[in-house]
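Residues per chain, in single letters:
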Amino acid sequence: MIKIQKNKPPYFPSLLRRRLKGWLLIFFLVIGFYLLVFKLRNSAFFQKKDRINLVIHNQQMFFYSLGLSDNINYFISFYPDLEIIVPGGYGRYRLGALAKLAGLEKDPDLLGKTYSFMTSSFLDYFFYPDTGLDQTQVEFGKTRREFYLPRFSEIFFAKSNAGLLDRLYIYSQFLGKTKSKFKLTDKIPINNQGNRAIFLPGDFYKSYQGLFYQESYRKEKQNVQIVYTKSYLTAQIISQILEGEGIRVVDLNQESLTNKKCEVVEDDRDFSQTALAISRFLRCRLSIGETQAYDIILKLGEVEEKWEVE
């Protein structure tokens, strides 16, 4: 009997299949390489900053400003019952409830923006409990700890906006440091209203302006105009943060902006370190354009609402 062979269904040629796998592998390698380069470019290690500002936010709250070029370090201790204004239109909150608020709003950046507002500085990194912001307990307490160095677990296992490379770099900056290596800020400006202690960021700015600045921004001597649409107070707060970093703000101007995107405008394709720093901190687009009598124009756009303090 003659067996009739049935035609086998067509199949994808093995050569094409191998090529497809190869192209997919190259694609994912390119994406991975791009993401790695992006993270490295935004890492404190590769930015070669003059100073790193960071916060440990836990049962107690500690602010550190580490001088990478001048070896001058600062330490400030805050406490949970201290009341502060949270940027973004949230009004006044106790510092011990800030992480809980950030969890409920699903916005960890509230921590960074609040401490930047409090200290008039670019806060580079913040570390908070690894239980998750939505499960974080509200902290209470009126006492300030005199001095504290962060533990290994708080740098490497806490939640943070810092990547692994940043954590390694930050931890290395604390190795070998003792209390004697830090200048301690013993007094913080407070308005006592009965049992309430309200932090005064404006007074803090006046008392401590220039402590946490970046020398490279001062050397560039770029002047900045800030353009806002609604709130002069919000523009003034952002101005104080820039000034605290050593960036000279010479004008606040109110205009009606059709483009709601935040922009950092400079008239040169080779953007200055100052323009790059403002863009990174506020997450604004860099643009080339006419700046008239100014070196840099910062158009707040949507950032104005995110930093609202009224």
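If you're wondering where the values come from, they're calculated on a predicted model, not measured in any experiment.

Chemist: Explain the pattern of salt bridges residue by residue, including any values.
Modeler: Throughout the structure, instances matching the rule amount to nine salt bridges. The closest approach of N and O atoms between Asp124 and Lys49, which form a salt bridge, is 3.3 Å. On the criterion of sequence distance, the pair formed by Asp124 in the loop between helix H4 (109-119) and strand S6 (125-128) and Lys49 in the loop between helix H2 (44-47) and strand S1 (51-57) is long-range, its members being 75 residues apart. Judged by relative accessible area, which is 17%, Asp124 ranks as buried. Overall, the relative accessible area of 12% leaves Lys49 in the buried class. Residue Glu154 pairs with Arg151 through a salt bridge whose shortest N-O separation is 3.8 Å. On the basis of relative accessible area, Arg151 is assigned to the partly exposed category, the value being 46%.

Chemist: Report on the sheet that holds strand S13 (residues 263-266), specifying residues and quantitative values.
Modeler: The five strands lie next to each other as S12-S11-S15-S13-S14, forming an open sheet whose pairing is mixed. Strands with a single pairing partner mark the edges of an open sheet, and in this sheet they are strand S12 (248-254) and strand S14 (285-288). Here the strands of the sheet are splayed against their neighbours by 25° on average, with no regard to which way each runs. Sheet topology note: the S13/S14 ladder contains four bridges and is parallel. Paired with Val265 across the bridge in S14 is Ser287. Contacts from helix H9 (residues 232-244) reach strand S11 (223-228), S12 and strand S15 (296-299) within the one sheet, and its direction differs from that of S12 by about 165°.

Chemist: Summarise helix H7 (residues 201-208); cite the residues concerned and give the values.
Modeler: For H7, the set of buried residues is Pro201, Phe204, Tyr205 and Tyr208. Mapping the buried residues of H7 onto a view down its axis gives an arc of 100°, with all of them on the same face. Among the exposed residues of H7, those oriented more than 90 degrees off its buried face are Lys206 and Ser207. In the segment just after H7, Gly210 is the residue with positive phi, at about 100°.

Scoring rules and cut-offs
- Residues numbered from 1 in each chain as written.
- Predicted model: local features only at pLDDT ≥ 70, side-chain atom pairs only at ≥ 80, totals over all residues.
- Heavy atoms only, no water.
- Salt bridge = Lys/Arg side-chain N within 4 Å of Asp/Glu carboxyl O.
- Helix = DSSP H or I, 4+ residues; strand = E, 2+ residues; numbered from the N terminus.
- Buried < 20%, exposed > 50% of the residue type's maximum accessible area, 1.4 Å probe, protein only.
- Pairing = 2+ DSSP bridges.
- Axes fitted to C-alpha atoms, helices over the stretch in contact; angles between N-to-C directions.
- Contact = heavy atoms within 4.5 Å.
- Arc of directions from axis to C-beta.

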